[in-house]
Every structure is written in structure tokens, then in C-alpha cells.
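Breakdown of the fold
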Amino acid sequence: MNSKKRIIIFISLIFAFIVPLCAEKIIFSANKMTGQAGNSNTTTTLSGNAYIKTESMEIQADDVELSGDNYRYIKATGNINGKNLKSKMDFTCDSLEYDRTTKIALLKGNVRLDDKDNDVKAEAQIIEYNQDTEVAILQVQIKLTQKDNVCSGSYAVYYKTTQLLELSGNAQVKQKDDVFRAQNITLDMNTQDITLGGNVKGKVTDTKEPEEEKTDAAAEETTEAAETEGAENAE
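So, a few notes on the structure that sits alongside this text. Within each chain, residue numbers correspond to sequence positions counted from 1 in written order. This being a predicted model, a pLDDT of at least 70 is required before a residue's local features are given, and a value of 80 or more before pairs of side-chain atoms are given or counted; all residues contribute to the totals for chains, interfaces and linings. Excluded from the side-chain calculation are hydrogens and water; included are all heavy atoms of the structure.

Let us now look at the overall build of the protein. Helix and strand content of the protein: two helices and 14 strands. The cut-offs for exposure are 20% and 50% of the maximum accessible area for each residue type, with area from a 1.4 Å probe on protein chains only; residues under the lower value are buried, those over the upper are exposed, and the others partly exposed. Each of the 235 residues in the protein was classed as buried or not, and the buried ones make up 35%. Throughout, a contact is declared for two residues whenever any of their heavy atoms are within 4.5 Å. Considering only intrachain contacts with a sequence separation of at least 6, the fraction spanning at least 24 residues in the protein is 33%. Total accessible area on the protein stands at roughly 13500 Å², and carbon and sulfur atoms take up 48% of it. Numbering of helices and strands runs from the N terminus; a helix is a DSSP stretch of H or I covering at least four residues, while a strand is a stretch of E covering at least two. Methods summary: accessible areas were calculated by the Shrake-Rupley approach with a probe of 1.4 Å, and residue burial reflects only the protein chains presented.

What follows is the structure in C-alpha cells.
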């Protein structure tokens, strides 16, 4: 067994046995660890191919820092990808802060969030996600897609449970060729109903035939039918 494997197994065993009093068991591995494993109020740093798993969160990153009483706080940096195991939300970002007590995760830098249950994908520079309420707050360079909807704005609140999206600040929703703009937009993702408020603008493409064209076509059909009938009578 090489030294890297010994380090990974050793660290995992430490946390399987030394933290039994925590509400959540923490398992982690890395190429290198500094700090005092198991101390109730200290900082432990994992460097290189860091991996950490709690009952509700799984994170892979270049580096991870654990701190606070019973390792309440988790900070990760570099090439982060992870999963919220309870709400089935996958994510990637540049940095992450997670509070194991409040169940709030703060993701920063090129954040991508994938709600697999509802086929909703979100991008932003900052996303705060509350695991208990299943509400995500998105800020800066927002883009959220769902079905035919492509949504953007300066600020957004995504309610996973009720499938409701609130956009504000130059908010926009595109639905295929239709575009809706306003200061505030609320989108019901279940019914696809949209509510606009403040400086409302929009562009809707009418796919129906114009009434004039229909009338002209009907007149032509009537004329052709009359001419055919007249020809038959003449014979």
C-alpha cells in the first residue's frame, strides 16, 4: 500500500471513530492534512484532492478547511464540485462556505447549480442555498433555464419546492421567440404563468394566420367552387 492510500484511509478512520458525538458523521480524505483531528474547536486543513462527506453534503475540491465547534464550518477552494444529497442538487464553483448547523451553503465564482428533480439549471457568480427551506438566492450574471424558459436578471430567488422563480433588476424571460422584460418578473414553472411589474416590455410572436389572409383564402375557395358549379350546369 503506497503512502497516499495510507493517508486517505488513516484520515477516514480518524473521523469515523473520533467524532461519534456529532449529530453528523464526517468522513474525509486528502493528500495532506494539517491540524488536530478530533479536537472540538480547532482548524483542520485538507490539501490536495480533498474530499469530504457529511450526511447531507458531498464535496470534492483542491483544498478544504474545517473549523468551529465540532467542525461546524466547511470552506472549500479550487475546482469544486459537489452534491447536496438530500435535495439532489449538483453544483460546481470556485469557492464554498457551508454551515453544518444552519444548513446554508454559500457558493461563489462561476457557480453552476443543477436541480435534477426539476430539470432546472442555474448559473450566477453568487448563489446562497438553504438546504432546510430549499430556497436559492442568485446574484450577479444570472442565467436560469427550465423547459423553454431562459431567465436572467440582477437578482433572483428560486423556490425549489413550489417551483417559483422571482427575478428583479432588468429581469427578462425568453420563451422560444417570445421575450418579456420588466423590473420584476415572477414565473410559475409548473403552469408557465408570468407576472410582470415595473417598466413592462415584451415581444410576442403570433403563430396564427392573419385574418385578412384567411378571408382572402376563403373568398378564393368560394369563387373556385362557384366557377366549378357553373361549368357543370352549362354542360
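Moving on to the pairing of strand β10 (residues 149-159). With ten bridges connecting them, strand β9 (residues 135-146) and β10 associate as antiparallel partners. Among the inter-strand pairings, Val135 is bridged to a residue of β10, identified as Tyr159. Remark: two residues form the turn of the hairpin made by β9 and β10, two consecutive strands paired antiparallel; Lys147 in that turn has positive phi of roughly 55°. Two strands pair if DSSP finds at least two bridges between them. Pairing of β10 with strand β11 (residues 164-175) involves nine bridges; the strand directions are antiparallel. Within β11, the position partnered with Cys151 by the bridge is Val173. From the end of β10 to the start of β11, which pair antiparallel, there are four residues, and Gln163 there has a positive phi angle of about 55°.

Here we come to the pairing of strand β6 (residues 89-99). Bridging between strand β5 (residues 73-84) and β6 involves ten bridges; their strand directions are antiparallel. Within β6, the residue paired with Ile80 across the bridge is Cys93. Joining the antiparallel neighbours β5 and β6 is a turn of four residues, in which Lys88 adopts a positive phi near 55°. Inspection of the sheet shows β6 paired to strand β7 (residues 104-115) by nine bridges, in the antiparallel sense. The partner of Asp99 across the bridge, within β7, is Ile104. In sequence, β6 turns back onto β7 through a hairpin of four residues, with Lys103 there showing a positive phi of about 65°.

A separate point is the pattern of salt bridges. Should a side-chain nitrogen of Lys or Arg be within 4 Å of a carboxyl oxygen of Asp or Glu, the pair is scored as a salt bridge. Scanning all chains against the criterion turns up eight salt bridges. The partner of Arg72 in a salt bridge is Asp99, and the shortest N-O contact between them spans 2.9 Å. Within this pair, whereas Arg72 is found in the loop between β4 (57-67) and β5, its partner Asp99 is found in strand β6, the two being separated by 27 residues in sequence. Take Arg72: its relative accessible area is 27%, and that puts it in the partly exposed class.

On their own, these measurements won't tell you what the molecule is for.
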